[in-house]
Amino acid sequence: MSFPMNSVDNVTVAKSPAEVADRIRSVFGEEAVLEIRERKAGKDDTVGHHDIWAKVEKDRFLDFVDTLAEFDFPQFHVISGNDDGDMVTLYYHFTLFQVAGRGKRLGIAVAVPVDKKDLVMPSIFSRIPGVEYSERETREMFGVDFDGLPNKALVFLPEEWDESIKPWRRDEAGPSAGDVRELS
Amino acid sequence: MDKKYKVPIGPVHVGLKEPITAWLDLEGERIVGATVRPGAIHRGIEFMARDRNPIQVIYLSERICGICSFSHVTTFLRAVEDAASIPVPPRAQYIRSLVLELERLHSHMLWAGVACYTIGFDSAFHLGMALREKVMDVLEVLSGNRVNYGVATVGGVRWDVTPELAKTVKQMVKYYKQEFTPFYDVVTADPIAKARLRNVGVLTYEEALRHSAVGPTARASGVRCDLRESSPYEAYGDFSVRAVVPQDYYGKAYGDVFDRFLVRVHEVYQSLEIIEKVMAGLPEGDIMWEKNLNKVLAFLKKAEGTGWASIEAPRGDDTHVVHLKGGDENVTWWKVRAPTYANAISWPLMFKNNELADAPLIINSIDPCISCMERMLATDSSTGARKVVTRAELLEKCREKTRRLMQNGGR
């Protein structure tokens, strides 16, 4: 397996955003890379970093994380997302080359649509334990389960929370108007 | 054999930012395992943002945290500016960097002071807090406020650097260059303080990476990560910032509380240098992309896209993700990941094989909210007897260990 399971280290020489994007395209198809965003800073807009926005299907997601790990141990930021009707779209945010020097960081945001008929994602906890709170949060806020996540206890919602209510959903699983108390 | 206990520390003290519960498994005084349970004060801020436009969310994001309020605002704005492709004038970028560094100064000084207080080193605590007042004064001159400065807005900042402020900043830098070193020396050279901080709450390099630790917590474990270096934003695009790691000073990163102290105090010096560079290089020009707020709102209403920003807040990488939908006035969705969210995952590893008396220090060492430990309940599982240990008693326990060390000459 390609994932650096046993010895973890950050690589100190970065690959270019184009190289990483090409590798993603070659494994997951042309349409997998949505955009390479250049971010600049300072007076002359000379230095900054790049973000790659990608999209993969749920069943290819673990392969995607393993593909990132071919380059560097992926620093995990967070899972964001939205209830998009028939789907819950999750965005996983990673960083490659965080120690490879000035302006070398490469942000990777990968969108994974999860069909509401089967709200289960493969967990990446065994690869990156730092994902724990985000997977637990996504589980309680969106109702997306994670296959392989050992601790599925509530993380941010209170113990007495009615777990049938998923706060970030926009359908009948989400909070109804009566569940929301306006304080001002 | 030592008795086994399960001890919860936390969760709550009203009004403070990050109350958290740590369930500690103890054998006698030794911590053998820990489970962390946040969630005591989840305010649903991301949910609230759905009813607000991006300008209104600025003031919501400022209230995520009292200490690093400007970090959250800047990260949120950078995510909005990324989603809507809004440029920020150079002068505004410099002012943002200035306030970010001022915030880092007072945050790190607060932490260093409170760390000393936790081990019973009260004179150093008072020294730290007295030092911190100077930077608070500068923030007050800039914005009129000591917290929640209301400085930034979409595409720029609302307050300019006046000659008066420039003078105050200059005086502050001079003051700290003279006065901060005695504080640093008094703590790092003190054998008792060193004995309390060294080899306590260790997080190894590999653990820090695998558990996605960020900021000074990760750097203390030797990870050379700093978003100001790896992905320069705002004024950091014009000068380089090197990540502060203990191996550059002591040849080795222990990843303990002492290293977390060391990283933060050296970052104070680093921030002073950055502030000098920012003030020296401050470009002339506009401080806003668009002064007319209605035009900004109309532009944001038309904008469509998802924006992502991560910046180096005092506690580490702060990440915000924002989605704007064309034709929609409000923020469609917003995700905030504060640095403690990432660092709290490493707590159970830091607790392992430490003493109960070190638990307050370890919780404090990633720089969350110390008041999480307002009260705790100790249960003797063999008899079912319960005893509430107050915060004062727990603090006394922590200080007693320092006194014991002092009597034994630091051993």
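Residues numbered from 1 in each chain as written. Chains lettered and ligands numbered in written order. Predicted model: local features only at pLDDT ≥ 70, side-chain atom pairs only at ≥ 80, totals over all residues.

Some remarks on the overall build of chain B
We apply this condition: Helix numbering and strand numbering both begin at the N terminus, where a helix is a DSSP run of H or I of at least 4 residues and a strand a DSSP run of E of at least 2. Two things to know: the radius of gyration comes from C-alpha atoms, and the globule rule equals 2.2 Å times the number of residues to the power 0.38. Residues with at least 20 neighbouring C-beta atoms inside 10 Å of their own are called buried, those with 12 or fewer are called exposed, and the rest are partly exposed, where every C-beta is derived from the backbone. C-beta atoms are placed from the backbone for every residue, and two residues are taken to be in contact when these atoms lie within 7 Å.
In terms of helices and strands, chain B carries 17 helices and ten strands. The globule rule puts the C-alpha radius of gyration for 411 residues at 22 Å, and the 22 Å found for chain B is close to it. For chain B, the C-alpha atoms occupy an extent of roughly 70 × 45 × 35 Å along the three principal directions. Residues classed as buried in chain B amount to 53% of the 411 residues present. In chain B, 70% of the contacts between residues at least 6 apart in sequence involve partners at least 24 apart.

Here's the deal with the sheet that holds strand β1 (residues 33-41) of chain A
All names here are of chain A. Counted only if it meets this: Following DSSP output, two strands are said to pair if at least two bridges run between them. Whenever a helix is involved, its axis is fitted only over the stretch in contact; in every case the axis is a line through C-alpha atoms, and angles between N-to-C directions fall within 0 to 180 degrees.
Reading across the sheet, the five strands line up as β1-β2-β5-β4-β3 and stay open at both edges, with mixed pairing between neighbours. Sheet topology places β1 and β3 (75-83) at the edges, where each strand pairs with a single neighbour. This sheet shows a mean twist of 20 degrees between the axes of neighbouring strands, independent of strand direction. Two elements, β3 and strand β4 (residues 87-96), share eight bridges in a ladder whose sense is antiparallel. From the neighbouring strand, Ser 80 faces β4, where its bridge partner is Tyr 91.

Thoughts on the sheet that holds strand β7 (residues 316-324) of chain B
Residues and elements named next belong to chain B. Strand order in the open sheet formed by three strands is β6-β7-β8, with antiparallel pairing between adjacent strands. Each of the sheet's edge strands pairs with one partner strand only, and the pair in question is β6 (305-313) and β8 (333-337). Pairs of neighbouring strands in the sheet enclose a mean axial angle of 10 degrees, with direction left out of account. Direction of pairing for β6 relative to β7: antiparallel, over a ladder of nine bridges. Across the sheet, residue Ala 309 finds its bridge partner in β7, namely His 320.

Quick word on the domain arrangement of chain B
Residues and elements named next belong to chain B. Defined as follows: For the domain bounds, the source is a domain assignment made automatically or taken from a database. Throughout this entry, Asp, Glu, Lys and Arg are counted as charged residues, while Ala, Val, Leu, Ile, Met, Phe, Trp, Tyr, Cys and Pro are counted as nonpolar. The remaining residues, Gly among them, count as polar.
Domain annotation of chain B identifies domain 1 (4-41 + 346-407) and domain 2 (55-60 + 86-292). Residue assignment for the side of domain 1 that touches domain 2 shows that the elements contributing at least two residues are α15 (347-351), α16 (359-365) and α17 (391-407). Considered class by class, the residues forming the side of domain 1 that touches domain 2 number ten nonpolar, five polar and three charged.

A closer look at unusual backbone geometry
Within the chain, Asn 199 of chain B stands out as a residue other than glycine whose phi angle is a positive 60 degrees. Within the secondary structure, Asn 199 of chain B is located in the loop between α7 (191-197) and α8 (205-210).

Notes on the packing of helix α1 (residues 17-28) of chain A against helix α2 (residues 61-69) of chain A
All names here are of chain A. Rules: By definition, any crossing whose near helix is turned counterclockwise from its far helix by less than a right angle is left-handed, and any crossing with a clockwise turn is right-handed.
At their nearest, the axes of α1 and α2 sit 11 Å apart, and the two run at 150 degrees to each other. Classified by chirality, the crossing of α2 by α1 is right-handed. Residues Arg 23, Ile 24, Val 27 and Phe 28 of α1 form the contact with α2, whose own contacting residues are Asp 63, Phe 64 and Thr 67. Residue composition of the contact of α1 with α2, grouped by class: four nonpolar, one polar and two charged.

Let's talk about helix α2 (residues 54-61) of chain B
Residues and elements named next belong to chain B. Selection rule: As used here, the arc belongs to the directions running from the helix axis to the C-beta atoms.
Here α2 has its buried residues at Pro 54, Val 57, Ile 58 and Ser 61. Projection of α2 onto a plane perpendicular to its axis shows the buried side chains occupying an angular sector of 120 degrees, all on one side. Packing partners of the buried residues in α2 comprise α3 (69-84), β4 (152-153), α13 (293-302) and β8.

Examining the pairing of strand β3 (residues 30-37) of chain B
Residue and element names in this part refer to chain B. As judged from the seven bridges shared by strand β2 (residues 21-27) and β3, these two strands associate in the antiparallel manner. By the bridge assignment for β3, Thr 21 is matched with Arg 37. Where β2 folds back onto β3 in an antiparallel hairpin, the turn is made up of two residues, including Gly 28, whose phi is positive at roughly 65 degrees.

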